[in-house]
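# Residue-level structural notes
Residue-level listing of the chains:
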Amino acid sequence: LLRGLEDRETGRGASAADVERVAIAFGHPIRSSYGDFLRDFGWGGAGDLEVLGAGSDTPPFLDVTVALDRERNHLQPSLARSLLPIMRDGGGGLY
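Residues numbered from 1 in each chain as written. Predicted model: local features only at pLDDT ≥ 70, side-chain atom pairs only at ≥ 80, totals over all residues. Heavy atoms only, no water.

Let us now look at helix H1 (residues 16–26). Turning to H1, its buried residues number three or more, namely Asp18, Val19, Val22, Ala23 and Phe26. Buried residues of H1, seen end-on, are gathered within an arc of 140 degrees and therefore sit on one face of the element. Exposed residues on H1 whose side chains face more than 90 degrees from its buried face are Ala16, Ala17 and Ile24. For H1, the elements touching its buried residues are helix H2 (32–40) and helix H3 (64–73). Once H1 ends, the next one or two residues include Gly27, with phi positive near 90 degrees. (Buried < 20%, exposed > 50% of the residue type's maximum accessible area, 1.4 Å probe, protein only. Helix = DSSP H or I, 4+ residues; strand = E, 2+ residues; numbered from the N terminus. Arc of directions from axis to C-beta. Contact = heavy atoms within 4.5 Å.)

Counted under the stated rule, the structure contains two aromatic pairs. When the centroid spacing of 6.0 Å and the interplanar angle of 15 degrees are considered together, the rings of Tyr34 and Phe37 count as stacked. One end of the pair, Tyr34, and the other, Phe37, are both in helix H2, three residues apart, so they sit about a helical turn from each other. You can call Tyr34 buried: its relative accessible area is 10%. The class for Phe37 is buried, based on a relative accessible area of 13%. (Phe/Tyr/Trp six-rings, centres within 6.5 Å; stacked < 30°, edge-to-face > 60°.)

Turning our eyes to something else, we now look at the pattern of salt bridges. The final tally for this structure, using the stated rule, is four salt bridges. Across the salt bridge formed by Arg12 and Asp57, the nearest N and O atoms sit 3.9 Å from each other. Taken as a pair, Arg12 in the loop between strand S1 (8–10) and H1 and Asp57 in the loop between strand S3 (49–51) and H3 lie far apart in primary sequence, 45 residues in all. Residue classification places Arg12 among the exposed positions, given a relative accessible area of 66%. Residue Arg39 is joined to Asp36 by a salt bridge in which the shortest nitrogen-to-oxygen separation is 3.1 Å. Taken as a pair, Arg39 and Asp36 lie in helix H2 at a separation of three residues, close to a single helical turn. (Salt bridge = Lys/Arg side-chain N within 4 Å of Asp/Glu carboxyl O.)

Right, here's the structure in full:
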């Protein structure tokens, strides 16, 4: 989807170690579609769309492990352990 958008901004891609770090923080394997996104882009977006990710060039506000920690450990109600926030909803929440 992002490849076809002219106004996209993405990272350089996440390493295998970065993807493993996300899986460890999440506590579950990363599914292939999101894993592919991480390896291809790391993080990215276009227009109002911002997809959280990982990698050495990921801005802190788009780092999925930072968002996961905040949602699980610092907010109430906390995010269920089975959920991984991957996108901002535009209103301060996450999908």
